[in-house]
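Observations on chain architecture
Each chain is listed here by its residues.
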Amino acid sequence: TISYNRSQLCNLQQLLTLRLCECGNDRHAITMAKASIASLGVIYANVALYSVCMMMQQPLLPYLTKQLGASTTQFAQLQTLFSAVQLVGGLLSGPFVDAYGGRALMVVSFAASSVS
């Protein structure tokens, strides 16, 4: 069973409702909550844009593969490898973020993208 004290519940209420509550007049917490919600909006928009771009180029990949002289088997292997690397990267990113933080993960991600 998870139990919360009054201060934790008050802070959670501030984050969820963006209002001042009985535990104090903490405008900094409200400002941080609004910034967090704005950050989540930017992240959601970025993921949506990535998904749209990925889906727009998917139908062209077999055509481009043939134009580059690769076989259908090579294309399938490349797609499988991409999915496997994405799966392993997703599993490793959680513990990495816990140990080093989100900023370090972004640096590693951008460095890996620039190398490839």
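Predicted, not measured: the structure shown is a model, and the values here were computed from it.

This part is about the overall build of the protein chain. A tally of helices and strands in the protein chain yields five helices and zero strands. Tracing the protein chain from N to C terminus, the helices and strands come up as α-α-α-α-α. Burial statistics for the protein chain: of 116 residues in total, 8% are counted as buried. Looking at the protein chain alone, contacts between residues at least 24 apart form 8% of all its contacts between residues at least 6 apart. Total accessible area on the protein chain stands at roughly 9,700 Å², and carbon and sulfur atoms take up 67% of it.

The next subject is a nonpolar patch on the surface. Nonpolar side chains collect at one region of the surface, where Leu40, Ile43 and Val47 lie side by side and expose about 290 Å² of accessible area between them. On the secondary structure map, Leu40 appears in helix α2 (residues 27-57). On the basis of relative accessible area, Leu40 is assigned to the exposed category, the value being 55%.

The final tally for this structure, using the stated rule, is one aromatic pair. Ring centres of Phe96 and Tyr100 lie 4.9 Å apart, and the angle between their planes is 45 degrees; this geometry places the pair in the tilted category. On the criterion of helical spacing, the pair formed by Phe96 and Tyr100 is a turn pair, its members being four residues apart in helix α4 (residues 72-100). On the basis of relative accessible area, Phe96 is assigned to the partly exposed category, the value being 25%.

In a regular helix each residue adds 1.5 Å, so 29 residues correspond to 42 Å; α4 covers 40 Å between its end C-alpha atoms and thus fits that length. Taking the largest bend as the criterion, α4 deviates by roughly 30 degrees, centred on Ser93, and proline Pro95 comes between one and four positions later. Looking one or two residues beyond α4, the residue adopting positive phi is Gly101, at roughly 100 degrees.

So, about the confidence of the model for the protein chain. Any region with low pLDDT has predicted coordinates that should not be read closely. For the protein chain, per-residue confidence averages 79 on the pLDDT scale, and residues scoring 70 or more make up 72% of the total. Confidence, expressed as mean pLDDT per element, reaches its minimum in the protein chain at helix α1 (residues 6-17) with 57 and its maximum at α4 with 91.

What follows covers the side chain of Thr65. Turning to its location among the elements, Thr65 is positioned in helix α3 (residues 61-67). On the basis of relative accessibility, which here comes to 13%, the residue Thr65 falls in the buried class. For Thr65, the side chain forms a polar contact with the main-chain oxygen of Leu61, separated by 2.7 Å. With residues up to four places along the chain from it excluded, the contact list for Thr65 reads Ala70, Ser71 and Phe75.

Rules used in this analysis
Residues numbered from 1 in each chain as written. Predicted model: local features only at pLDDT ≥ 70, side-chain atom pairs only at ≥ 80, totals over all residues. Heavy atoms only, no water. Helix = DSSP H or I, 4+ residues; strand = E, 2+ residues; numbered from the N terminus. Buried < 20%, exposed > 50% of the residue type's maximum accessible area, 1.4 Å probe, protein only. Contact = heavy atoms within 4.5 Å. Areas by Shrake-Rupley, 256 points an atom, 1.4 Å probe, with all protein chains shown as cover. Patch = residues over 30% accessible without salt bridge, like charges linked within 9 Å, V, L, I, M, F, W, Y side chains within 5 Å. Salt bridge = Lys/Arg side-chain N within 4 Å of Asp/Glu carboxyl O. Phe/Tyr/Trp six-rings, centres within 6.5 Å; stacked < 30°, edge-to-face > 60°. Expected span 1.5 Å × (residues − 1). Bend = angle between axes of the 7 residues up to and from the residue. pLDDT = per-residue confidence, 0-100. Polar contact = N/O pair within 3.5 Å; in protein donor to acceptor, adjacent residues only side chain to side chain.

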